[in-house]
Structure formats: C-alpha cells, structure tokens
There are 2 protein chains.
Amino acid sequence: MAGVSVATVSRALRGLPNVAESTRGRVERAAEALNYHALPSASGLASGHSSNVSIAVPVLNSWYFSEVVAGAEAVLSESGYSLSVTAVPSPEERLGFVRGSAASRAAEGLIMVDLPLDDAEIEMLRAAPLGVVTTGFDCVVFPSVVVDNVGIGFKATQHLIDRGHTRIGLLNGQSEDPLHFTVPNDRARGYEQCLSAAGVSPDPRLACKGNFSTAGGLAAMAELLRLSDPPSAVFAMSDEMAFGAIWAARNAGLSIPEDLAVIGVDNHDLAEMMGLTTICQDVDQHGVVAARRLVEVLEGRGAAAGPVEVATRLIVRTTT
Amino acid sequence: MAGVSVATVSRALRGLPNVAESTRGRVERAAEALNYHALPSASGLASGHSSNVSIAVPVLNSWYFSEVVAGAEAVLSESGYSLSVTAVPSPEERLGFVRGSAASRAAEGLIMVDLPLDDAEIEMLRAAPLGVVTTGFDCVVFPSVVVDNVGIGFKATQHLIDRGHTRIGLLNGQSEDPLHFTVPNDRARGYEQCLSAAGVSPDPRLACKGNFSTAGGLAAMAELLRLSDPPSAVFAMSDEMAFGAIWAARNAGLSIPEDLAVIGVDNHDLAEMMGLTTICQDVDQHGVVAARRLVEVLEGRGAAAGPVEVATRLIVRTTT
DNA sequence: GTGAAAGCGCTAACAA
DNA sequence: TTGTTAGCGCTTTCAC
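Residues numbered from 1 in each chain as written. Chains lettered and ligands numbered in written order. Predicted model: local features only at pLDDT ≥ 70, side-chain atom pairs only at ≥ 80, totals over all residues. Heavy atoms only, no water.

1. Describing the overall build of chain A
Short version of the rule: Numbering of helices and strands starts at the N terminus; helices are DSSP runs of H or I of at least 4 residues and strands are runs of E of at least 2. Working definition: with a 1.4 Å probe on protein chains only, accessible area under 20% of the residue-type maximum means buried, over 50% means exposed, and in between means partly exposed. We call two residues in contact whenever any of their non-hydrogen atoms come within 4.5 Å of each other. We get accessible surface area from the Shrake-Rupley algorithm with a probe of 1.4 Å; when it comes to residues, only the shown protein chains can shield them. Working convention for charge: Lys and Arg count positive, Asp and Glu count negative, and His plus the chain ends are omitted. For this purpose, a charge sits on NZ of Lys, CZ of Arg, CG of Asp or CD of Glu.
Summing up its helical and strand segments, chain A has 12 helices and 12 strands in all. When the 320 residues of chain A are sorted by exposure, 54% land in the buried category. Sequence separation of 24 or more characterises 71% of the internal contacts of chain A that already satisfy a separation of 6 or more. Total accessible area on chain A is roughly 13,400 Å²; 52% of this is exposed by carbon and sulfur atoms. Distance between charge centroids for chain A: 5 Å, based on 23 positive and 36 negative side chains.

Quick look at the structure:
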C-alpha cells in the first residue's frame, strides 16, 4: 500500500534512521489505514526481543503488592513493554518460576518483588539472557530497590519515645520464609536499637506476631492489652496491623492516643481517615523505581547492580 | 541428546499423542537436564497460539480490581496461560487498548473488567481472532460475568427496612463514563424500587456521591449528617464508602447501629473487623469465572456468549 | 535510502 | 511412531 518493501516498512514503523521522511509518512499512513501492527511473536523471534517483562509477587490481592504492580505497570507501559504478572506464594513455586523464566525467554526482563532469591536461583538468572531487578531484599548481583527497614523501626519507635512512651509494644509481621525475608527482623532490630539508645530495655512479652494482616493485628493487640502491665504505645510493622490495633483498643474501650498510641508503616489508603500516624514508604514508588531500573538495563543504559534506597518519612496524625 | 528429531521433541514435550512412552521419557529427561523450554515467540509464530491472555482494568491499585486480577491469574496460570495486565483509566486509552489488542495478536484472549465497550470497539474485537470475556456489564456478543446490581441495591435496602428504618441514605458511587458504567445506576434503582415497594418515597436529599472511595464516603456521610433530618441508616454502594460512613458517624459522636445503621457491598477484607454488614459479592470469583470462561473459549469448548451471573449474599454483622 | 534474501526457533503437513 | 521439510511474519545483514 505504501509502495515499499517489507524491510522499509519494518524500519519506518520502528523509527529507525535512514528512512526518508516522506517514505516514513506513507508507511505510517498505510499502517494506520490497515490497522497494521507487527506480530509480536514474529518480531520477537526475528529480533530476539519480546518487549515483555514479567513481575512476580508473593500474592496479588494485597494492598501492598497491588500498589507495587500498579507503579511498575505505569512505567513499563509508558516505555512500550507489556507486563505479565505471576503470583508466587511459596518457595517451591518461586523456584519453578525462576527456572521457567530463565529458560524460556518469554520475558526479557524480570522484577522479583519481595521474593528473596537463593544462590541457585541467582545463578540461573545470572546465566540467562534476562534483565533482573529485585525489590525488598538487599541483592548485590542485580539492581534492587530497598528501604531502610532498620531505620523505619528506629524512626517509628523514636517518635513514640519522643511522645513520652517507654512501654512500647511491637506488632511484628511474620516471616514465611525465615531464611530470606528480612523485613520483619530488620524493623524489629530498629525498634530494639532505638529502645536501647533511649535506655529502655526491650520486654519480649511486648512483641507479638500479627502476620501483616488486619485480623492478625487485632488479635495480637488484644493479647497485649490483656497483659497485667500493657503497653501505652504500639509500633505496628504495617498499617493494616495498626488498623487491627486501633480496633482492638476500641473494643477494649480505650481512647487513642490517650490510653494507647499507635504508629504504623506504609501510609495505606485508609490511614489518613483513621488518623493513623505512620512511616510512609511510598509503596507505588517501589514499583516505579524497580521498573525504571529494569528499563535502563534492557535499553543498555547501565543500571549498576546493587540496591537503590527509597526514602521514608514520618507522617504524624492523631493516633500519637 | 534424546536421539530424536526436533519434530518428535516438539510432540513429546507438548503431550501430543502418537509418541512412544519410552521416547517421551527420554525427551523429557533430556529437556529437564538441558533446562530446555520452547521459545514462546517461536512456537507462537509457528502455531499461531501465544498462550498469553491480557486483562484490562480501570486501575490496578484498588481493592476490587486487585481481587479480580488475582482470581483470574490463579485460573490462567493453572491452565498454562500467562497474564498481561494493563491499566486503562480513560475511554481514550480503552479505545487504544482495544485497537492494539485487536490488531497485534499479542494475546489470544482478553478480559475486560468493568470497561464497557462501545459498538465500534465490540466490532473491532469481534473481527479479531481473539477470545473476549467481559465483566461488569451486560454484554451479549461476548461471554460476560455480571452480578445483579439492581438486586444488590434491593437486598441491602430491604435489610435496613426489615430493621425498622425508613429514612435511608444512599452513598452512591460515581460513574466516570456515564454512558456505559451502569453499576451505580442499577444499585440506585434497586434502592428506589425497594423503598417504593415498602411504601417509602425516596428523598433525593438523602442520596450523595461518594466516588467509591473511603474518603468520598466520609465526606458524603458527613454531609448527610448535617441535614436537619438526617437518615437513621445508610446504604453504601461499596464497603470502602461504608468505612468512610462509619468514621463520619464516629467523628460526629454517633453510635452504630443505634444512631446510624450502615450496610455496604463487597465484603472487603476489613469488613469483618469493622463489623460491617454487607452484600458479599465474592469479588475474586468475578476474575475466576471470567478466566474460566475465557479458557473454554480458547480451547474451543464453546462458552456461549452472554452473561453468567455470580451470586451475592447478605452478611449481617454489627453495623445494622 | 531502499530492496533482496537469509534466517530467527519452532510447528504442522506429509512421507515413510 | 518417527523424520523431513516448508513455512509462520518478521528483522537484519548485505548489496545496490
């Protein structure tokens, strides 16, 4: 329709140089009229590039991960990549996913969200012709995006200490993969370090597991409140657990922040309404930054291996 | 490595018939040892099948849509399909997405979630060699999954009437695409029908827009409470708006359900904790059913066009 | 600046 | 039951 060869069509439509502008125009108009798009599997086969990247998360239906995926999707679709999502709830499935991704070249890039890789997996991915970016753990062989979880625990605890609290409960997450998922441990470490720095010795009875869920936070807080000497404040490792804590206090007839101060982590959508003081970690930015680094890798613009840290900040509201 | 031709490898690995079991075993072992997987773009090009399906949602970072996507992903990955996600926030982007999907054959199946198609879009998709399933609107040309939104509005309102309420507020969603997004209108219709059936004439001042968000529900409820004759109960079209309503009541010093009864729709993760009475619509099942119907289409097992309805049920808790 | 032609790594006839 | 071979629809050399 444009009166040129298939090679010229290919060059023109992909914006390559050495195509006369008049020719490019004719080709583009013809493509438009025919609603022609190159077949991805054919161009992928010929060029070796699929323009497809894959993101793996532990679960899809959680506030945190859907924010990350949304952030990544926005960047990637902007850059012309399609995004395949996979839920990888167990270490076995993680291994299967990594094997498959490394071998099949279905995607040319991979974002592993809060899925720490073991040495064998790292080796498989390193050997594969694949861009890899990780999130949530301190990976040195691939570009990664992390937050300072020790710092988060410290900052949150410090805020409660600044408010005059010394008896501070801890709603811990729970590590399903204790070998590698370090977030809860790091935040707990920050909590302990801060207490020590303030001259308070941590009371292990004040630490409960809340499983990063609202229901877990509710149950854990209820337990803490049954103590003979309950805490006057609590640091929840996620806002969702903090919501549970707020509700447990409410059920116990306590006022917040008078009887119980609460601080969370995330700045969840509901945090503002609930007046929850929190350490905001701009979750969608985790996805955005990871995707940007991946695009850099795929387009050959470096992106040195190693972690990039996303900033966090305290947002004071009415629960403290 | 298995001592056979590429054709036999292809047949053996895809589980086709007419391969000796001993041969299949040798091929599978060799593939395992070499970590060989067929290159998707090559097999896609040769066979015409990409084993890739695409799901489009208005936004990714919302409770509702992440549940739908999670449900679909579970079914599709089980069936051997990869799932590409795209956020399509505006009608213009919807058109672009539909054009691209129809023309490029990047995916062989499409799930459109709460993205009503206009006639031109339906025509493009119908003409394309593509399986299509829609969700959330009553599509007759493609298989679709729907809920009885009029029924939801009726059931919710009836429950409040059964509790003795006659002055019942309505927290409406808001339709961004008023031409096609019928959910809010349908639920409002159910509300009105129920009131009429009970001999109550709807008061338009009791209907507010809450934009399907918690913040919107909070603001809308606050407004209703400022009325000289505020409602004694409120039907929120989503649990997230209901959370806002609960909080507005709390801020106004009202007790729930004594001073204000609240009912929502969804059975959101937090509904149980908040004690929210709601019309459960098993959101993840929307994704599951849509994905299952798509797989049927792609595998040639029929799946007649037209809507399949997902059931809803009342869950009574303490806000009514 | 453009065209001809040789693949990319598979699958699907067809033959054996 | 297995092998041979001709594509699938592009991209990419290499000529011109």
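2. Re the relation of the copies chain B and chain A
The criterion, for reference: We place the copies in one frame by least squares, fitting the C-alpha atoms of every residue whose pLDDT is at least 70 in both.
Least-squares fitting of chain B to chain A yields an RMSD of 0.1 Å, with the transformation described by 0.0 Å of translation along the axis and a rotation of 180 degrees. In symmetry terms, the pair is related by a two-fold rotation axis. A share of 100% of interface residues in chain B that are also interface residues in chain A marks the association as one of identical surfaces.

3. Comments concerning the protein's contact with DNA strand D
We count it as follows: The cutoff for a nearby residue is simple: one of its non-hydrogen atoms must lie within 4 Å of the molecule or strand. In the analysis that follows, any N or O atom pair within 3.5 Å is treated as a polar contact, provided that within protein one partner can donate a hydrogen and the other can accept it, and provided that, for residues neighboring in sequence, both atoms belong to side chains. Under the convention adopted here, Pro, Cys and the residues Ala, Val, Leu, Ile, Met, Phe, Trp and Tyr are nonpolar, Asp, Glu, Lys and Arg are charged, and Gly plus all remaining residues are polar.
Not every one of the 23 residues close to DNA strand D is listed here, only the nearest: Ser10 of chain A together with Ser5, Thr8, Ala20 and Thr23 of chain B. A distance of 2.9 Å is found between a phosphate oxygen of DNA strand D and a backbone nitrogen or oxygen belonging to Ala20 of chain B. Between a phosphate oxygen of DNA strand D and a side-chain N or O atom of Thr23 of chain B, the distance comes to 2.3 Å. Looking at the surface near DNA strand D, the elements with two or more residues in it are α1 (6–13) and α3 (40–47) of chain A together with α1 (6–13) and α3 (40–47) of chain B. It is α3 of chain A that provides the largest number of residues to the surface near DNA strand D, a total of four residues. The residue makeup of the surface near DNA strand D, split by class, is 12 nonpolar, eight polar and three charged.

4. Examining empty space enclosed by the protein
Spelled out, the test is: In this analysis, the protein atoms alone were mapped onto a 1 Å grid. Cavities are point sets where a 1.4 Å probe fits without being able to get out; pockets are open sets with protein on both sides within 12 Å along at least five of seven lines; lining residues have an atom within 4 Å of a point. Grid points are joined across faces, edges and corners, and a volume is the space filled by probe spheres set on the points.
A full pass over the atoms with the stated rule returns one cavity of 30 Å³ or more. Of the voids in this model, the largest cavity is the one considered here, and its volume is about 60 Å³. The set of elements that each furnish at least two residues to the lining of the largest cavity consists of α4 (63–78) of chain A together with α4 (63–78) of chain B. Residues belonging to the lining of the largest cavity are distributed by class as follows: six nonpolar, two polar and no charged.

5. Digging into helix α7 (residues 149–162) of chain A
Residue and element names in this part refer to chain A. Just so we agree on the cut-off: Multiply 1.5 Å by the residue count of a helix minus one, and that product is the helix's expected span.
With 14 residues, α7 extends 20 Å from end C-alpha to end C-alpha; this agrees with the ideal 20 Å at 1.5 Å per step. Judged by how many residues are buried, α7 sits mostly within the fold: 10 of 14 residues are covered. Among the residues making up α7, those that are buried are Asn149, Val150, Gly151, Ile152, Gly153, Ala156, Thr157, His159, Leu160 and Ile161. With a side-chain oxygen lying 3.4 Å from the backbone nitrogen of Val150, the N-terminal cap of α7 falls on Asp148. Just downstream of α7 lies Gly164, where phi reads positive at about 100 degrees.

6. Describing the sheet that holds strand β1 (residues 52–57) of chain A
Applicable threshold: Strands were regarded as paired on the criterion that DSSP finds at least two bridges between them. Every axis corresponds to a line fitted to the C-alpha atoms, with the helix fit spanning only the stretch in contact, and the corresponding angles, defined between N-to-C directions, vary from 0 to 180 degrees.
What the 12 strands build is an open sheet, ordered β11(A)-β5(A)-β4(A)-β3(A)-β1(A)-β2(A)-β2(B)-β1(B)-β3(B)-β4(B)-β5(B)-β11(B); its pairing is mixed. The open sheet has two free edges, formed respectively by β11 (306–309) of chain A together with β11 (306–309) of chain B, since each of these has just one partner strand. Neighbouring strand axes in the sheet, compared pairwise and without regard to direction, differ in orientation by 25 degrees on average. Together, β1 (52–57), β3 (109–113), β4 (131–135), β5 (143–146) and β11 of chain B form the strand contacts of helix α12 (residues 283–298) of chain B, whose direction differs from that of β4 of chain B by roughly 160 degrees.

7. Structural notes on the pairing of β3 of chain B
Residues and elements named next belong to chain B. Put simply, the test is: Look down the strands so they point away from you; if going from the first strand over the helix to the second traces a clockwise path, that crossover is right-handed.
Most of β3 sits out of view: five of its five residues are buried. Burial along β3 is two-sided: the residues Gly109, Ile111 and Val113 and Leu110 and Met112 are all buried. By the bridge criterion, four bridges tie β1 to β3 in an arrangement that is parallel. Across the sheet, Ser54 pairs through a bridge with Leu110, a residue of β3. Bridge analysis of β3 against β4 gives five bridges, and the strand direction is parallel. By the bridge assignment for β4, Ile111 is matched with Val133. After leaving β3, the chain enters helix α6 (residues 119–127) and then returns to the sheet as β4, a path that is right-handed.

8. Considerations on the sheet that holds strand β7 (residues 207–209) of chain A
Residue and element names in this part refer to chain A. The strand order β7-β6-β8-β9-β10-β12 describes an open sheet built from six strands, whose pairing is mixed. Bordering the open sheet on either side are β7 and β12 (313–315), each of which pairs with just one other strand. Across the sheet, the mean angle from the axis of one strand to that of its neighbour is 20 degrees, orientation sign disregarded. Examined bridge by bridge, strand β6 (residues 168–172) and strand β8 (residues 233–236) share four bridges and lie parallel to one another. Among the inter-strand pairings, Ile168 is bridged to a residue of β8, identified as Ala233.

9. Some remarks on the packing of α1 of chain B against helix α2 (residues 21–34) of chain B
Residue and element names in this part refer to chain B. What counts is decided by this rule: Roughly parallel here means an angle under 35 degrees, roughly antiparallel means over 145, roughly perpendicular means 65 to 115, and every remaining angle is called oblique.
Relative to each other, α1 and α2 sit at 90 degrees, their axes nearing to 9 Å. Taken together, the axes of α1 and α2 lie roughly perpendicular to each other. Where α1 abuts α2, its residues Thr8, Val9, Arg11, Ala12 and Leu13 lie against Thr23, Arg24, Val27, Glu28 and Ala31. Residues belonging to the contact of α1 with α2 are distributed by class as follows: five nonpolar, two polar and three charged.

Note that all results are geometric; they support no functional claim without further evidence.
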